[in-house]
Amino acid sequence: MLSNAICQKARLSRDARFDGKFFIAVKTTGIYCRPICPATMPKEKNVHYFASAIEAANQGYRPCLRCRPDSAPGSPAWKGINTTLDRAIKLIGEGALHEGSLQSLAQRLGISDRYLRQLFEKHLGVSPKTFALYQQCLFAKQLLHQTSLPITQIALASGFNSVRRFNDCFSKNLNLTPSQIRESRGKKSAVLTLKLYYRPPYDWELMHNFLSNRFIPELEWVGDNSYGRAFQYLDTVGQFTVKHVGDKNRFDLTIELNQLIHLKSIINNIRRILDLDADSEAIDTGLQEHYGSIINIKPGVRLPGTWSIYEAGIRAILGQQISVVAARNLVTKLVETYGETLADKRIFPSPQAIAASDIECLKMPGSRKQTLRTFSEHCLKQDNATDPEQWLSLKGVGPWTVNYARLRGLSDPDIYLGSDLGVKKAVKESAGYFNPELAAPWRSYLTLQLWNQL
């Protein structure tokens, strides 16, 4: 938790760089807010600071209807409280307790369910289940504010199996009813649109250029200030477009789905692709300290993700030892040939489609085609195919492929692609001794900074 002095300065200046890092509870109103809340500033003696929204809620405060704490950027995954706790929070955000039990979550983390409960009680003051329900309620609040979806659909999209259960849990956790939210929001469009906030700085130009240079026609689309793509998530298919609104520190998201049951997980994945929860100020400060005298550190560099670890693996295999343009052409041909059609768009080919094909459409060595098939078969057979380290046992998959997939498919913040030709060239041209270990735990951002030197 930041000191009270820092929190006071941040709230008095409404500094967006602290949005989501802490929350402000006002004792006289019983409301908690974001540091950027436009409401009249309360006196310091009436303020209490909390590291998370759920801590404020546990003390009886309800979320502000003006600044909407449910829309605040999330905390970075490497904030350092506890690695296991951070991973548990991430998995709960992806729906681990909605789709499974506490015991299964603990097993995935390699700990006992008792120890998992102890971690949450120690650091957040609540049980994992209570934490999960509160996150579901905050997501539902966001949908109530920003969409015209019926209450029944919002309940389903937020992970509740019944409207009655949703209403009871919402009122208990937020001290508000869904109808109160609807009454306060004003008129909204029937189109499913959401606002995705981030903490500045954010180098949208660099992110836009990276995605533009690699976008696949029909699968993705890039405008002057936007990015979108078609996708499949489990049994849900759809498409989304995000538009950057730089003066508001956010992206406006428009999304179409065939069903809403996995909406929260899909939104979380879009946030990951755009790297909206990174603490750029802290990352940039660390990189500037160690490398500022030998390379040009650009502020606000984010990790450009791709939709899934499988897609990242395929792109990495096709991109081995060739240019970005050549790799893009291969991926484009693969999507055109094996991607399932969705209206006028295409979805990235499934592992089943690649494993069963001869891949004759690609002009490349037979060994590389076999690697694509073997990799796809592996992802079909293995329960833990999302662990790229297992790929090293596959012929044709080496450390660069695994690390590139981890960087883009998992948005791992600590991947240094030292064997990448572009990185090697940038290091060679740097103006001094270069030690990548000094960048930990943000070596992925160092990799992006080095690519940007070229």
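Residues numbered from 1 in each chain as written. Predicted model: local features only at pLDDT ≥ 70, side-chain atom pairs only at ≥ 80, totals over all residues. Heavy atoms only, no water.

Can you help me understand the sheet that holds strand 8 (residues 236-245) in this one?
Two strands in a sheet stick together by hydrogen bonds in their backbones, pointing the same way (parallel) or opposite ways (antiparallel). The five strands are arranged 5-9-8-7-6 in an open sheet whose pairing can be described as antiparallel. The outermost strands of the open sheet, each flanked by one partner alone, are strand 5 (193-197) and strand 6 (220-222). Neighbouring strand axes in the sheet, compared pairwise and without regard to direction, differ in orientation by 20° on average. Of the pairings in the sheet, the one linking strand 5 to strand 9 (residues 250-257) comprises five bridges and is antiparallel in character. Note on strand 9: the bridge partner recorded for Thr193 is Thr254. Packing against the sheet, helix 12 (residues 263-274) makes contact with strand 5, strand 7 (226-233), strand 8 and strand 9, and its axis sits at approximately 140° to strand 9. (Pairing = 2+ DSSP bridges. Helix = DSSP H or I, 4+ residues; strand = E, 2+ residues; numbered from the N terminus. Axes fitted to C-alpha atoms, helices over the stretch in contact; angles between N-to-C directions. Contact = heavy atoms within 4.5 Å.)

Please explain helix 18 (residues 399-409) as it appears in this structure.
For the α-helix, the turn length of 3.6 residues means that residues three or four positions removed from each other point alike. Buried residues dominate helix 18, accounting for nine of its 11 residues. Remark: Ser411 follows helix 18 within two positions and exhibits a positive phi of approximately 55°. (Buried < 20%, exposed > 50% of the residue type's maximum accessible area, 1.4 Å probe, protein only.)

Please explain the sheet that holds strand 4 (residues 62-63) as it appears in this structure.
Strand order across the open sheet formed by four strands is 3-1-2-4, with mixed pairing between neighbours. Each edge of the sheet is formed by a strand with only one pairing partner; in this case those strands are strand 3 (47-50) and strand 4. When strand 2 (residues 31-33) meets strand 4, the two strands line up parallel, connected through two bridges. From the neighbouring strand, Ile31 faces strand 4, where its bridge partner is Arg62.

Sorry if this is basic, but what is going on with the environment of Thr28 here?
Mapping Thr28 onto the fold places it in the loop between strand 1 (23-26) and strand 2. Between the C-alpha atoms of Thr28 and Ser430, which are 402 residues apart in sequence, the distance is 56 Å.

Looking at this structure, how should I read the nonpolar core?
As a rule of thumb, soluble globular proteins bury nonpolar side chains together. Ile255 and Ile270 are the most contacted members of the largest nonpolar core, which has 71 residues in total. It is helix 7 (residues 128-146) that contributes the most residues to this core, 10 residues altogether. Sequence-distant contacts of Ile255, defined by excluding residues within four places in its chain, comprise Leu192, Phe231, Gln239, Phe240, Leu263, Ile266, Ile267 and Ile270. (Core = buried A, V, L, I, M, F, W, Y, C linked by side-chain atoms within 4.5 Å.)

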